[in-house]
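# Chain and residue survey
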Amino acid sequence: MSDADKQNTTSQTNGTQDHESITQYITILKNLAITNSDFFSKDSSENGQRLYISFIAIIDALDALLPRVTEVQARAKEFDFNAETPGNGYRSFITVFRLALKYAIEVNQKIILKRSSLLFRKNVLTKEIESCSHMLSSLEVCFKHLQTILSWSTAGNLFIEDRPVEDLVSVCQDINQYCFYGRSLGFQFCDSLKNVLQFIALSMAIFSEAYFSEGSLISKATNSFMTTTKYITDPEQRAKRIVNISQSADVDFCKAFWFLSESELMNQLPSVVSPTVAVCKVIVIAPEPLSLNVNGKEIEVPVPTSHIGLKSVQVRLISYHVRKGMLGTKNKAPLEPPSKGLIIHCHGGGFVAQSSKSHEGYLRDWAKRLNVPILSIDYSLAPEAPFPRALEEVFYAYCWALKNHQFLGREKILAVGDSAGANLLLSTTLKCIDAGVPIPHGIFAAYVPTLIKFAPSPARMLCMMDPLLPFGFLMRCLKAYACTSSDAPRVASTANLYASDTESFEEVTESDLAELQAHKSPVSEASDTLTYGSLNTLNSTMEDDLNEKDVTSADIEKSQKCMADIVHKYVLGRDYLGSLFSTVTRGESDTDTEGTRNSQVDPESYSSSSTVQSSGSFQNRLYGFVSLIKSRFNKILGDRGFIAQQKITLDAEKPNRLWDELCIPVPNNPYMSPYCASDEYLRRFPPTKILTVHMDPCLDDCVMFAKRLKSLGNHVTLDILEGLPHGFLNFSLVSFHFNSSIIQPHQISDIKRCSRGLESMRAENERIAEFKQRSVTA
């Protein structure tokens, strides 16, 4: 028997087993629902009749689902990457349906065991079984749309791009999402993450109350506190809030909520939980002309200028060991030899949020386990810096790393990214091919979107039930990045060349300063930020200009002082503020009006001198502390002049206009959507490893891109993990599953599914049958 025949046989066997398991689950659930409906048909109370109606709805939904699921399941294998890697959006929905059946079976069993008890909580279990019936009804609508997408699909293509807009809008528009964000939230994920996802959903609902409420800091905090109990005790209210946020909130809310991961507490978490590293420094690369010598040919690298003008590019260097020649390291003995490799990393965040700091937890672990330095790029974020700004900066930083590899890592360079960051690295590889720049030696892309446009696919429908990436969030992030605005601000001031916002890990020594000055690379003392670029050149240029104008030495001294102020204010960063409790603010006013954004805290408004500290009264210190907290809170919430109207929009139950707002044409630009690149360019890709999960809305993007590379003869592997959500790498600090195996994806294959398998279900069915027999005998 040939390998192809073996693969087909294996696929058919797996498909048959899956179909048998689903049929068994449906049989078990229908029997339980019939038993419960017969019991509560005689209950004339309100909850009793609600229970009866819910059981009947479950039976009807199962009858409607079975033929739809059977059709989708029969064709799902047509869209796999290969027989050894079964996975696509169709299979994901089959898994979701199986887990929904398991969840409904557990609730039905709970009711059977407790319905005759005096402690039977009829009101609570009524809501749970109603949630099950709504969930199965919504899945029936999902599978109806999956059948429609199947009828449109051709030649194993998971994307639908050639249909009229009206047809595309009809897909998913009438799906009831509320049932997926209530009591059953996170049912499709592994047990270790369910509580984490529920906490995130609860936090989103509570944060929205503060974000969209009017009033002062105290009133917002009070309002948030009062609504916390409501969302904890009433999952239906939480579900309504989350869905309405997803449909109505703009991208600014997405940015504000996701930037909570950048809070001071979360910033300190990696240093406590993750491995200690010897080097964790931020390098600020000045936007100046850059050229690479490739095979004797000088290649000019364009400086990023689109949308926001000249602005420095910030990168973070993480290394477990201090190595010889490494940029910004201390001269401690013994030094490790230079690394033979370097990882260039780009963080995720939907192109609109997060940074290298929010991903530092697993980057530290990687730096230790792989024993390779990591250079993580902090690119500018949309919507202030839409396409192609982030790509320009990543390409510029990549070329800068190639030019300065002797300070970072030598020989081999691997490009590693997740989500939006992986997209940028794939696009950067295309730019390298186009410009003649050496490409990375390998690419690792985790749950990467490869087609940035509104093109329905079965996996993208998973957004209808995703607690981390609801559909509205996904579409608004893609729109913010892909749709440029002519009104985007353009900034090209000297201050922006050296702006940074970093946290201090260790001071830069005099040896750093001496080493970097030799390469015209100034160092900010008392900070982990290294400014690599043209500060000295800029200062000397100012002196030359002043001398040409025949000015006095006092003018030169004044200009140098001005430049020193710029360095102090912008290079050291806004966190160079001294102790939180011992500083006194002079920049905040106690006459701020409601609904008006307070000015940001200015480093110059703080004083760390001993005189001020000793003379400051308790009231002044308390005022400084409260003002600092207030300013940071308002920095997150921003201007809320439109809040009253926005709040009404969130709370109102009105027709969903999300599709009309977000269904916008996006060009097939390969630098935005690597899946659209030509065969000529994709053939030149290095070995590529793609990692995704079955419940990822970007699963089909990964499968289709991997299939394209494979069809062109490229070396590509695809791993699809079970039970995990999009962005699971960020949960490595809170889930033990990942801390031991995050670097080697094949080791995560032993993560258990939420269901206990067919044998367990049969055992439960036998136990219920035995229980019923005992009841009849009694």
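Residues numbered from 1 in each chain as written. Predicted model: local features only at pLDDT ≥ 70, side-chain atom pairs only at ≥ 80, totals over all residues. Heavy atoms only, no water.

## Some words on helix α13 (residues 420-435)
Compared with the 22 Å implied by 1.5 Å per residue over 16 residues, the 22 Å span of α13 between its first and last C-alpha is a close match. Of all 16 residues in α13, 13 are buried; the element is thus mostly enclosed. Phi turns positive one or two residues past the end of α13, at Gly436, with a value near 80°. (Helix = DSSP H or I, 4+ residues; strand = E, 2+ residues; numbered from the N terminus. Expected span 1.5 Å × (residues − 1). Buried < 20%, exposed > 50% of the residue type's maximum accessible area, 1.4 Å probe, protein only.)

## Here we look at the packing of aromatic side chains
Per the counting criterion, the structure on display carries 23 aromatic pairs. Ring geometry for Phe97 versus Phe143: centroids 6.0 Å apart, planes at 70°, classification edge-to-face. Of this pair, Phe97 sits in helix α3 (residues 89-114) while Phe143 sits in helix α4 (residues 122-152), and the two are 46 residues apart along the sequence. Taken as a pair, Phe97 and Phe143 share a single burial class, namely buried. Taken together, a centroid distance of 6.3 Å and an interplanar angle of 5° make the contact between Phe253 and Phe257 stacked. (Phe/Tyr/Trp six-rings, centres within 6.5 Å; stacked < 30°, edge-to-face > 60°.)

## What to know about the pattern of salt bridges
Between side chains of opposite charge, a pair can form as their charged atoms come close. As enumerated under the stated definition, the model contains 20 salt bridges in all. Note that Glu106 is salt-bridged to Lys102, the shortest N-O span being 2.3 Å. Of this pair, Glu106 and Lys102 are both found in helix α3, four residues apart, which corresponds to roughly one turn of the helix. Under the relative-accessibility criterion, Lys102 is labelled buried at 9%. We note a salt bridge from Lys110 to Glu128, for which the minimum N-O separation is 3.6 Å. Within this pair, whereas Lys110 is found in helix α3, its partner Glu128 is found in helix α4, the two being separated by 18 residues in sequence. By relative accessible area, Lys110 is classed as partly exposed at 31%. Because the salt bridges share partners, they merge into one network encompassing Arg316, Lys357, Glu360 and Arg364. (Salt bridge = Lys/Arg side-chain N within 4 Å of Asp/Glu carboxyl O.)

## Brief notes about the pairing of strand β1 (residues 279-285)
Summarising burial for β1: seven of the seven residues are buried, a large majority. Alternating positions in β1 separate into two faces, Val279, Lys281, Ile283 and Ile285 on one and Cys280, Val282 and Val284 on the other, with burial throughout. Summarising the sheet, β1 and strand β4 (residues 313-319) pair through seven bridges and their orientation is antiparallel. Bridge assignment links Val282 to a residue of β4, and that residue is Arg316. (Pairing = 2+ DSSP bridges.)

## Overview of helix α11 (residues 360-370)
With eight of 11 residues buried, α11 lies mostly within the body of the structure. For α11, the set of buried residues is Glu360, Gly361, Tyr362, Leu363, Arg364, Asp365, Trp366 and Ala367. Where α11 ends, the next residue or the one after it, Asn371, has phi of about 55°, a positive value.

## Considerations on the pairing of strand β3 (residues 297-301)
Bridging between strand β2 (residues 290-294) and β3 involves five bridges; their strand directions are antiparallel. Along β3, the bridge assignment pairs Leu292 with Ile299. Where β2 folds back onto β3 in an antiparallel hairpin, the turn is made up of two residues, including Asn295, whose phi is positive at roughly 55°.

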